[in-house]
Amino acid sequence: MFALDIFQRLYTVIYPPTPPKNDDAIRIGLLGASKIAPFVVVNPARSHPDVIVAAVAARDSERAKKYATAHGIPIVHSSYQEMLDDPSIDAIYIALPNGLHYEWALRSIRAGKHVLLEKPSCSNAIEAKKLFNHPLITAQNAPVLLEAFHYQFHPAWQTYLSEVRKSPGAIKSIYGEFFVSPGILGPDDIRFKYGLAGGCMMDVGTYPLSSVRQILGRDKILEPTSVSYRGLPPGADGTVTEPQIDEAVDVTYRTTDSIDILVRGDQVAEGNWPSFFPASWTRKLPSFYWPKNSVTFEPVLADTSNDEGSQHFVQRTLTMRNFIIPTFYHRIDISDEHTLRRGDEITKTWNETTYKTAYNWPEGDKRAAVYKDWWTSYRCQLEEFVNRVKGREGSGVWVDGAESIAQMEAIDRTYEKAGLQIRPTSTFEL
Ligand SMILES: NC(=O)C1=CN([C@@H]2O[C@H](COP(=O)(O)OP(=O)(O)OC[C@H]3O[C@@H](n4cnc5c(N)ncnc54)[C@H](OP(=O)(O)O)[C@@H]3O)[C@@H](O)[C@H]2O)C=CC1
Ligand SMILES: O=C1OC[C@@H](O)[C@H](O)[C@H]1O
């Protein structure tokens, strides 16, 4: 049953139902023939009656034509500006290198287009403040601008957050990690170029950082207390061509109310294989780690009526595995560590763990009648983007400009603590 459910969700993601498009469907244009657009927009749009992927623009028009053919996209533009000048396009999906997000988001907004902007929203907080506070964005009836932090839109993450809010005790510590196997990103990847605002903290590190910030709420400032990073390996001549790039990062943060936080990201994460395999083999094998978030609470005194005079403490740890791609599989563990104490003596300990999944909103919630179990976080995100553009009620989940700015500020503080430069600021002005 379990394997069949996974198979059914996976199958429906790949072959979704394709309802006819409504006359007033939003016509989206893709800036860049990027690797990620088919997952974030092209495939999710197939099952959305209010979205048409109408155009793609790439720097090389031959490449754009091939991409358009492969993905069934009718219009090809041979420059990004040409796409923005196309009056038939209502919204733009920007999946360009991070260093181009700010400029092309502003240009798109100036052209009157709604924007779905890949994460991280900008190269740094200077850009993020200028973008999200720009008069073209703060004006009444301004186009919609959304940083594509897709995982937040999935009911699984929202269920996890509601478990955090319901849990007894104050938060003691939070852990977040996202590791990517060697071989996924090539050496020339945009993520390894400082000039394009690459780096681990900008890329895979943004997710665990964002997940921690979601738990704390945006008003809590995370002060980095230590940062260790692994740079890129040196080339054949022994020099590192991109000394400002972090390939992997481990950061500890602390809040003013003393919550301890550890965030880890690795874009080339080897290992996790049992040590009896020779390292010379396992180095060539892919690794596998769940993207994970975990919250530990302070112990609380439980009801003592049945505990014969002992004090009964309960300490909860919540863990969510695979918060980033929850549709295929995820798990929320609610683990309570019970301790009976008489004075200083611990007389008994035991653990009770329950597990939860949430492929949709809870039963009876009106959102559950709209959402489907097989919707990816990208499909959920597209639903809410469309709801905003159309002025519909929506699920209530949104990533607003203040959140995107706060996230970039936390990234900048992390780079500064690491002794690395914040990513370069665009010279584009509007
Ligand atoms: N939400 C998510 O799950 C994911 C989000 N992302 C984000 O999406 C963005 C794109 O990532 P990804 O699709 O992996 O990247 P790709 O390298 O596949 O795409 C980047 C696009 O940027 C264009 N581009 C413009 N200028 C340059 C330049 N100087 N160098 C290289 N490319 C350039 C290229 O477009 P052209 O076709 O014009 O040549 C290319 O298609 C990033 O911001 C990344 O963080 C990435 C993966 C997952
Ligand atoms: O979801 C993701 O997985 C892999 C990363 O490199 C990418 O940019 C990120 O968004």
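Residues numbered from 1 in each chain as written. Chains lettered and ligands numbered in written order. Predicted model: local features only at pLDDT ≥ 70, side-chain atom pairs only at ≥ 80, totals over all residues.

**Description of the UniProt feature "domain: Gfo/Idh/MocA-like oxidoreductase N-terminal" (unreviewed entry) in the chain**
Note the cut-off: UniProt positions are given in the numbering used here, feature names are shortened, and annotations may be inferred rather than shown by experiment. For the purposes of this entry, the term helix denotes a DSSP run of H or I that reaches at least four residues, the term strand denotes a run of E that reaches at least two, and both are numbered from the N terminus.
In this structure's numbering, the residues bearing the UniProt feature "domain: Gfo/Idh/MocA-like oxidoreductase N-terminal" (unreviewed entry) are residues 26–132. A helix fraction of 41% and a strand fraction of 22% characterise residues 26–132, whose end C-alpha atoms lie 23 Å from each other.

**Some details on helix H11 (residues 377–390)**
To keep it simple, the criterion reads: To estimate how far a helix should reach, multiply one less than its number of residues by 1.5 Å. For the exposure call, what matters is how many other C-beta atoms sit within 10 Å of a residue's own: 20 or more marks it buried, 12 or fewer exposed, and in between partly exposed, using C-beta atoms placed from the backbone. Our contact criterion uses C-beta atoms placed from the backbone: two residues qualify when those atoms are within 7 Å.
Between its first and last C-alpha, H11 extends 20 Å over 14 residues, near the 20 Å set by a 1.5 Å rise per residue. In terms of burial, H11 is largely enclosed, as 10 of its 14 residues are buried. In this fold, the buried residues of H11 make contact with strand E1 (26–31), helix H2 (37–46), strand E2 (51–57), strand E5 (114–117) and strand E6 (145–147). Downstream of H11 by one or two residues, Gly391 has phi in the positive range, about 70 degrees.

**Quick look at the pairing of E2**
Using the following cut-off: A clockwise path from the first strand over the helix to the second, with the strands pointing away from the viewer, defines a right-handed crossover.
Most of E2 is tucked away, with 6 of its 7 residues classed as buried. Handedness of the crossover joining E1 and E2 through H2: right-handed. Once you follow E2 into helix H3 (residues 61–71) and on to strand E3 (residues 75–77), the crossover reads as right-handed.

**Here we look at the nonpolar core**
Let me state the cut-off plainly: To define a nonpolar core, we join buried Ala, Val, Leu, Ile, Met, Phe, Trp, Tyr and Cys residues through C-beta atoms within 7 Å and take the resulting set. Each domain span listed reflects an automatic or database assignment of domains.
Counting residues in each nonpolar core, the largest one holds 101 residues, and the members touching the most others are Val41, Val56, Tyr93 and Ala105. There are two domains that each give this core at least three residues, and those are domain 1 (2–151 + 376–401) and domain 2 (154–369). Beyond its immediate stretch of four places on either side in the chain, Tyr93 contacts Ile28, Leu30, Leu31, Ala37, Val40, Val41 and Leu116.

**Side note on the domain arrangement of the chain**
Definition in use: In this classification, the charged set is Asp, Glu, Lys and Arg, the nonpolar set is Ala, Val, Leu, Ile, Met, Phe, Trp, Tyr, Cys and Pro, and all remaining amino acids, among them Gly, are polar.
Split into domains, the chain comes out as domain 1 (2–151 + 376–401) and domain 2 (154–369). The gap between the C-alpha centroids of domain 1 and domain 2 is 28 Å. If you look at the interface, domain 1 gives 17 residues, while domain 2 gives 19 residues. Those elements that provide at least two residues to the side of domain 1 that touches domain 2 are helix H1 (2–14) and H11. With 4 residues, the top contributor of residues to the side of domain 1 that touches domain 2 is H1. For the side of domain 1 that touches domain 2, the per-class residue count stands at 9 nonpolar, 6 polar and 2 charged.

**What about the environment of Ser121?**
Along the polypeptide, Ser121 turns up in the loop between E5 and helix H6 (125–132). Ser121 gets classed as buried once you count the C-beta atoms within 10 Å, which come to 29. Between the C-alpha atom of Ser121 and that of His101, which follows or precedes it by 20 residues, the distance is 6.4 Å. Ignoring any residue separated from it by four or fewer positions in sequence, one finds Ser121 in contact with His101, Ala128, Leu131, Glu147, Ser404 and Met408.

**Observations regarding the site of ligand 1**
How we decide: For each residue, a C-beta atom is placed from the backbone, and the residue is labelled near a molecule or strand when this atom is within 6 Å of it.
Of all residues adjacent to ligand 1, which total 22 residues, the nearest are Gly32, Ser34, Lys35, Ile36 and Ala58. For the shell around ligand 1, the per-class residue count stands at 11 nonpolar, 4 polar and 7 charged. Each of domain 1 (2–151 + 376–401) and domain 2 (154–369) contributes no fewer than three residues to the shell around ligand 1.

**Considerations on the sheet that holds E2**
As a reminder of what qualifies: One requirement defines pairing of two strands: DSSP has to find at least two bridges between them. Whenever a helix is involved, its axis is fitted only over the stretch in contact; in every case the axis is a line through C-alpha atoms, and angles between N-to-C directions fall within 0 to 180 degrees.
Taken together, 6 strands build an open sheet; the order of strands is E3-E2-E1-E4-E5-E6 and the sheet is parallel. Looking at strand neighbours, the two that pair on one side only are E3 and E6, the edges of this open sheet. The average undirected angle you get between the axes of adjacent strands in this sheet is 25 degrees. Packing of H2 onto the sheet brings it into contact with E1, E2 and strand E4 (91–94), and relative to E2 it is tilted by some 140 degrees.

**A closer look at the environment of Glu62**
Relative to the elements of secondary structure, Glu62 occurs in helix H3. The exposed category is assigned to Glu62, around which 10 C-beta atoms lie within 10 Å. The sequence separation of Glu62 and Asp219 amounts to 157 residues, and the corresponding C-alpha distance is 47 Å.

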